[in-house]
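Notes for the structure review
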Amino acid sequence: KNYGNGEVFGRLHRFNVGYSDETHNVVFGLQKISMGVGRIWTPTDLFNPRNPLALEPDQVYGNYALSYTYALGELSEIMGVVAKRHDHTYKYAGRIKSNFGVLDIALDVLSSDDAQMIAYELEGNLFETGIEWRSEGGYFKDKLLDKEFFQGILGLDYGFQNGLTLVTEWIHSSETYSFDEILLHQESTLSNNRHLSSDYIGASAYYDFNLLFNGALSLIYSPDDQSSFISPVIEYSISDDASLALGAMLYNGNGESEFGTIDNSYYLRFKVTY
């Protein structure tokens, strides 16, 4: 959009109707389908994949879908989803999740014209340390580019009493893609699962300085070419419903590396919640 000429762009993220009680939850319309346990990467989420390189990683678009969740018990559920894609084809997914004492376990399946997935989700506490660990991943079939691969994450996070929260995550893929393969197929189901390198290490830190100021720092490092992405941001709370933030997106590496070819950017963000 050419904002310099005064154009205004808007997008509707959620618009749905549904029914919910203690056992059943049915939603139809533009919605977020929740899958995965990752904080930085969510390879099992093929509906609303999180992009850690985006300006707003937590802002994900909705899906035109019909979803149904049935509660098998207080800590167990089964979910089925039918979603319509932009090319008017459909993708289908199922998920069963339960708690086994100190561990949450889920099994996920997905099928579409261009992809298949059989995956798992694990989440729990690391003994009595207060550290939360998580893992998700599975087998993916890329019908579009005729590739099959495993992709998974392993992560830890811990919240300190002084208000500091630390998150670390590692993602591994058994198959890599070329730049052209990633660029030319961004609208496909597995667009966020295609990577140039087989491994990435991510970390983030969040800290409340006081009631008005908070700061965050995110880092992604590629051991394959030793390039990195760093995103610092500091936010000021104007009121309960408005905030102002100053941040940067910094890329480091040589001219042949994944992140070294991207220019740095800086931004000022004003956010109002209604």
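Just above sits the structure.
These notes cover the structure that comes with them. (Residues numbered from 1 in each chain as written. Predicted model: local features only at pLDDT ≥ 70, side-chain atom pairs only at ≥ 80, totals over all residues. Heavy atoms only, no water.)

So, the overall build of the protein chain
Here is the rule: In this description a helix means any DSSP run of H or I spanning at least four residues, a strand means any run of E spanning at least two, and both kinds are numbered starting from the N terminus. Here the globule rule reads 2.2 Å times residues to the power 0.38, and the radius of gyration is calculated from C-alpha atoms. Buried, partly exposed and exposed residues are distinguished by accessible area as a fraction of the type maximum, computed with a 1.4 Å probe on protein chains only: under 20%, between the cut-offs, and over 50%, respectively. Whether two residues touch is decided by their heavy atoms; if any such pair falls within 4.5 Å, the residues are in contact.
A tally of helices and strands in the protein chain yields one helix and 15 strands. Compactness check: the protein chain gives a C-alpha radius of gyration of 20 Å against a globular reference of 19 Å for 274 residues, within 12% of the reference. Based on the C-alpha atoms only, the size of the protein chain along its principal axes is roughly 50 × 45 × 45 Å. The buried share of the protein chain, taken over its 274 residues, is 36%. Considering only intrachain contacts with a sequence separation of at least 6, the fraction spanning at least 24 residues in the protein chain is 43%.

A short note on the pattern of salt bridges
Rule in force here: Salt bridge, as applied in this entry: a Lys or Arg side-chain nitrogen positioned within 4 Å of an Asp or Glu carboxyl oxygen.
For the structure on display, the rule yields 15 salt bridges. A salt bridge links Glu123 to Arg39; its shortest N-O distance comes to 3.5 Å. Pair noted here: Glu123 is in strand β7 (residues 115-125) and Arg39 is in the loop between β2 (24-31) and β3 (63-73), with a separation of 84 residues, a long-range link. For Arg39, a relative accessible area of 31% translates into the label partly exposed. With a closest N to O distance of 2.6 Å, Glu121 and Arg95 form a salt bridge. Residue Glu121 is found in strand β7, and its partner Arg95 is found in strand β5 (residues 90-100); the two are separated by 26 residues along the sequence. A relative accessible area of 9% means that Arg95 is categorised as buried. Salt bridges linked by common partners bring Arg39, Glu123, Glu132, Arg134, Asp157 and Glu169 together as one network.

Quick look at the environment of Glu235
Our working definition: In the analysis that follows, any N or O atom pair within 3.5 Å is treated as a polar contact, provided that within protein one partner can donate a hydrogen and the other can accept it, and provided that, for residues neighboring in sequence, both atoms belong to side chains.
Within the secondary structure, Glu235 is located in strand β13 (residues 227-239). Aside from chain neighbours lying at most four places away, what touches Glu235 is Leu212, Phe213, Asn214, Ser243, Leu244, Ala245 and Arg269. A polar side-chain atom of Glu235 sits 2.9 Å from a polar atom in the side chain of Ser243.

A word on empty space enclosed by the protein
As a reminder, the rule being used: Method remark: on a 1 Å grid restricted to protein atoms, a set of points is classed as a cavity if a 1.4 Å probe fits but cannot get out and as a pocket if it is open with protein on both sides within 12 Å along at least five of seven lines; lining residues have an atom within 4 Å of a point. Grid points are joined across faces, edges and corners, and a volume is the space filled by probe spheres set on the points. In this classification, Asp, Glu, Lys and Arg are treated as charged, Ala, Val, Leu, Ile, Met, Phe, Trp, Tyr, Cys and Pro as nonpolar, and every other residue, Gly included, as polar.
Per the counting criterion, the structure on display carries one cavity of 30 Å³ or more. Of the volumes computed, that of the largest cavity is approximately 40 Å³. Lining of the largest cavity is provided by Val37, Arg95, Lys97, Asp104, Ile105, Ala106, Glu121, Leu122 and Glu123. For the lining of the largest cavity, the class distribution of residues is four nonpolar, no polar and five charged.

Observations concerning unusual backbone geometry
Of note, the phi angle at Phe127 is positive, near 55°, even though the residue is not glycine. Mapped onto the secondary structure, Phe127 falls in the loop between β7 and β8 (132-142). Residues other than glycine seldom take positive phi values, yet Asp146 does so here, at roughly 55°. Its place among the elements puts Asp146 in the loop between β8 and β9 (147-159). Residue classification places Asp146 among the exposed positions, given a relative accessible area of 70%.

Notes on the pairing of β5
This is how it is decided: One bridge is not enough; two strands pair if DSSP finds at least two bridges between them.
Relative to β5, strand β4 (residues 76-84) runs antiparallel, the two being bridged by eight bridges. Within β5, the residue paired with Met79 across the bridge is Arg95. Where β4 folds back on β5, the antiparallel hairpin that results is connected by five residues, among which His88 adopts a positive phi of roughly 70°. Pairing between β5 and strand β6 (residues 103-111): nine bridges, direction antiparallel. The partner of Lys97 across the bridge, within β6, is Ala106.

Some thoughts on the environment of Gly215
Mapping Gly215 onto the fold places it in strand β12 (residues 213-222). When the C-alpha atoms of Gly215 and Lys143 are compared, they prove to be 42 Å apart, with 72 residues separating the residues in sequence. With residues near it in sequence (within four places) discarded, Gly215 still touches Ala205, Tyr206, Tyr207, Phe209, Val233 and Ile234.

Describing the side chain of Thr42
Of note, Thr42 is situated in the loop between β2 and β3. Judged by its relative accessible area of 11%, Thr42 falls in the buried class. Among the polar contacts listed, one links the side chain of Thr42 to the backbone nitrogen of Arg50, at a separation of 3.4 Å. Ignoring any residue separated from it by four or fewer positions in sequence, one finds Thr42 in contact with Pro49, Arg50 and Glu136.

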